[in-house]
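Take a look at the letters that make up each chain.
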Amino acid sequence: MSEKRKRYKGLIVDDAMMNREMLKEILKDDILFIEATTGEDAKEILMEHFQELDIVLLDLVMPGMSGFDVLEFMRSKHMTDYLPVMIISVDDMENNIERAFDLGAIDFITRPFSERTVKRRVLTTVSLFAKQKQVVTEIDQDYLVGDKRADRLTGVDLKKTFYNNVHSRLKQMGEVGAIMVAADIANFKLYNNYYGWEKGDIYLQELAKKLKELVQRHGGYVGYMGGDDFAMFAPNAPALMLQLHTMAEEEGYFENFQPGFHPKFGIYVLGAEEDSAHALYDRAKMALASIKADYTLNLKMYEEEMSQRVEDDFQLLVDIRRGESNQEFEFFLQPKYDVATGQVVASEALVRWIHKDKGLVVPGAFLPALERTGFISNVDVIVWEEVCRWQRQCMDAGRSVLPISVNVSKADIFMLDVTATLDEMIDRYQLTRDLIQIEVSETAYTEDPERVGREIQRLHNGGYTVLLDDFGKGSFNLVSLKYLPINELKLDMRFLSVEFEEIEQDLSILEFVINMAKKLNIKTVAEGVETKEQVEVLKKLGCDMAQGYIYQRPMPAKVYAALIASKTK
Ligand code: C2E
Ligand code: MG
Ligand code: MG
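Residues numbered from 1 in each chain as written. Chains lettered and ligands numbered in written order. Predicted model: local features only at pLDDT ≥ 70, side-chain atom pairs only at ≥ 80, totals over all residues. Heavy atoms only, no water.

Side note on the packing of aromatic side chains
Applying the stated criterion across every chain, the model contains 17 aromatic pairs. Consider the rings of Y163 and Y281, whose centres lie 6.5 Å apart with planes at 70 degrees: the pair is edge-to-face. Highlighted residues: Y163 in helix 7 (residues 159–173) and Y281 in helix 11 (residues 277–289), separated in sequence by 118 residues. Neither residue differs from the other here; Y163 and Y281 are each classed as buried. (Phe/Tyr/Trp six-rings, centres within 6.5 Å; stacked < 30°, edge-to-face > 60°. Helix = DSSP H or I, 4+ residues; strand = E, 2+ residues; numbered from the N terminus. Buried < 20%, exposed > 50% of the residue type's maximum accessible area, 1.4 Å probe, protein only.)

Right under this line is the structure:
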């Protein structure tokens, strides 16, 4: 599929030409920039182009109107709520950074910077905000064929007209008792791939026609929002709802229907609020998005929590950003034991967020949001760096040093050059490759075997020990093990649910995997080991290493250091 790469629009505000040129050069593949050489210029450009912009890169120190003034202006117009502003400045005074964040800046990068850092941070920020926007303006680039043709194709009003209609209607009667519906076709891309674009168009036309008939009969409006997306605004009539249900559920309703390609509807029932047509569609769209991946549901009413979730996610990410600048992320270590001897042989670094207000936050509370947006790489790079620095410190202090494994997520492999990033750190801290081991989860691999497999191969070639994490959680094809240069397999007892009652049955799986790993010369590490019984079983089956609460919980690095010092004495 030829997916056109999206180019974002940005504004650079900096009085120094060199700075502007450099940023433009670094980001030229992804962002098209307008430039402002003064704060005053920036203000004018913002007034005119605010809607089109995806990001602002702002210098603080400029003659005349300063970066702070620009921020202040943007904030007064609520622009900072929608448009991310990143400060790029030589000024790294603590209270200036603080002030910029207070004024709504999303990030602060000090010069001199590394190209990679800037690129990564700018692009993750842009895409995060773009996702926010997407809910409103989600138009599938693959199918947007220009307004004119789209209109002719579906015979339905275009977005602008639709919004205008709804807008005046809302003004007239403040439609309590109306609904806004967002509709699309499940897996429409696949439909086009299977049956061809022509048939795809015909299905789209049929859907448009039926929606129009239905809604107009009830005195409402239909809008074509691009791609396979439609919006409807109509009175909240039971008969209409019933019809939508039928469309979504009944196989024979559409001539061009194929199993698996149902229309889906997200519905928002208007309350007494005075909202814009956009905001209403937004909510209908959120309801639709919530069932996108669920093939058992084709119709969903909006729930208050849906907005809340989007909002919460967003707030969390902003907070994480702040936490990164504030150095609130650190790692704990959980020891791994040799099952046979009971000695500590290595450990795993697990990220912890020491939040300025909330105290210790565990990964489960923030990693999922980070994973979804790709922001995880920022945190991961911080952890890797900290771990390298720690190993160096231990060596310098003459303490005994054991390997530490770090977690690499799928997003890292897409966002950065993982091997090169680690290589650079290893060199800078003058470590050897055996001191930093790499954990890649089985799920990351199965989601994109080609790309993730390639990175595993590179890490392996570079001399790293690679562990396949959370083995047993997903649907791994055991045969792949033959071709993947994996050194260790982490078997999660929780996924393999080696419970005492079911031990017979689960044992055979565990035994099978351990034996096969042995044949392939792959070491096994059991993790999530919680009971003595499990340890006994692992011993019996010849599992090499174990990690889990029965031994030790993850602990601050210093406590770990004391632990291994006392053990080796
Ligand atoms: P994981 O890599 O499989 O790490 C093991 C998780 O199991 C850790 O949870 C650990 O505290 C927990 N655990 C260890 N022994 C036991 C046990 O006996 N019983 C139970 N119930 N749990 C045990 P944690 O620290 O909350 O991390 C959760 C997951 O978050 C990790 O799973 C890993 O996938 C991810 N993660 C943690 N730190 C990082 C990081 O720095 N980068 C990335 N990308 N992911 C991380
Ligand atoms: Mg792990
Ligand atoms: Mg694991």
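Quick notes on the coordination of the magnesium ion (ligand 3)
Listed as protein donors to the magnesium ion (ligand 3) are D469 (OD), D470 (OD) and E527 (OE); their distances from the metal cover 1.9 to 2.2 Å. Sequence spacing of the donors to the magnesium ion (ligand 3): D-D-x56-E. In this structure, the magnesium ion (ligand 3) lies 3.9 Å from the magnesium ion (ligand 2), and both are coordinated by D469. (Donors = N, O, S within 2.8 Å, 3.2 Å for Na, K, Ca; no water.)

Re the domain arrangement of the protein
On domain assignment, one finds that the protein holds domain 1 (8–140), domain 2 (145–302) and domain 3 (334–352 + 374–565). A C-alpha centroid distance of 47 Å is found between domain 2 and domain 3. (Domains from an automatic or database assignment.)

Topic: helix 14 (residues 376–396)
For helix 14, spanning 21 residues, the distance from its first C-alpha to its last is 30 Å, which sits close to the expected 30 Å at 1.5 Å a residue. Burial of helix 14 is extensive: 15 of the 21 residues sit out of reach of the surface. Remark: G398 follows helix 14 within two positions and exhibits a positive phi of approximately 75 degrees. (Expected span 1.5 Å × (residues − 1).)

As for the site of ligand 1
Near ligand 1 there are 23 residues, and of these D380, D469, D470, E530 and Y549 occur at the shortest range. At a separation of 3.1 Å, an oxygen atom of ligand 1 approaches a polar side-chain atom of N407. In the model, an oxygen atom of ligand 1 is placed 2.9 Å from a nitrogen or oxygen of the D469 side chain. Computed on the free molecule, ligand 1 has an accessible area of 800 Å², of which 84% lies beneath the protein chains in the complex. At the level of elements, strand 13 (344–355), helix 14 and strand 17 (466–471) are the ones that each hand at least two residues to the shell around ligand 1. The biggest single contributor to the shell around ligand 1 is strand 13, with four residues. Taken together, the residues of the shell around ligand 1 break down into nine nonpolar, five polar and nine charged. (Near = heavy atom within 4 Å. Polar contact = N/O pair within 3.5 Å; in protein donor to acceptor, adjacent residues only side chain to side chain. Areas by Shrake-Rupley, 256 points an atom, 1.4 Å probe, with all protein chains shown as cover. Nonpolar A, V, L, I, M, F, W, Y, C, P; charged D, E, K, R; others polar.)

Let's talk about the pairing of strand 4 (residues 85–89)
The buried fraction of strand 4 is high, at five of five residues. Taking every second residue as pointing to the same face, both faces of strand 4 are buried, with V85, I87 and S89 on one and M86 and I88 on the other. Inspection of the sheet shows strand 3 (residues 55–58) paired to strand 4 by three bridges, in the parallel sense. Each residue of the ladder has a partner; that of L57, found in strand 4, is M86. Of the strand pairs in this sheet, strand 4 and strand 5 (residues 107–110) are connected by four bridges, and their pairing is parallel. Each residue of the ladder has a partner; that of S89, found in strand 5, is T110. For the crossover from strand 4 across helix 4 (residues 94–102) to strand 5, the handedness is right-handed. (Pairing = 2+ DSSP bridges. Right-handed = clockwise from strand over helix to strand, strands pointing away.)

What about helix 1 (residues 17–26)?
Think of an α-helix as 3.6 residues a turn; residues three or four steps apart then line up on the same face. All of the buried residues along helix 1 are N19, R20, L23 and I26. Each buried residue of helix 1 lies within a common arc of 135 degrees when the element is viewed along its axis, so the set occupies one face. In helix 1, the exposed positions that point more than 90 degrees away from the buried face belong to M17 and M18. (Arc of directions from axis to C-beta.)

Let's talk about the environment of V351
Among the structural elements, V351 can be located in strand 13. If we skip the residues at most four places from it in the chain, V351 touches F329, E330, F331, P363, F366, L367, V379 and V383. (Contact = heavy atoms within 4.5 Å.)

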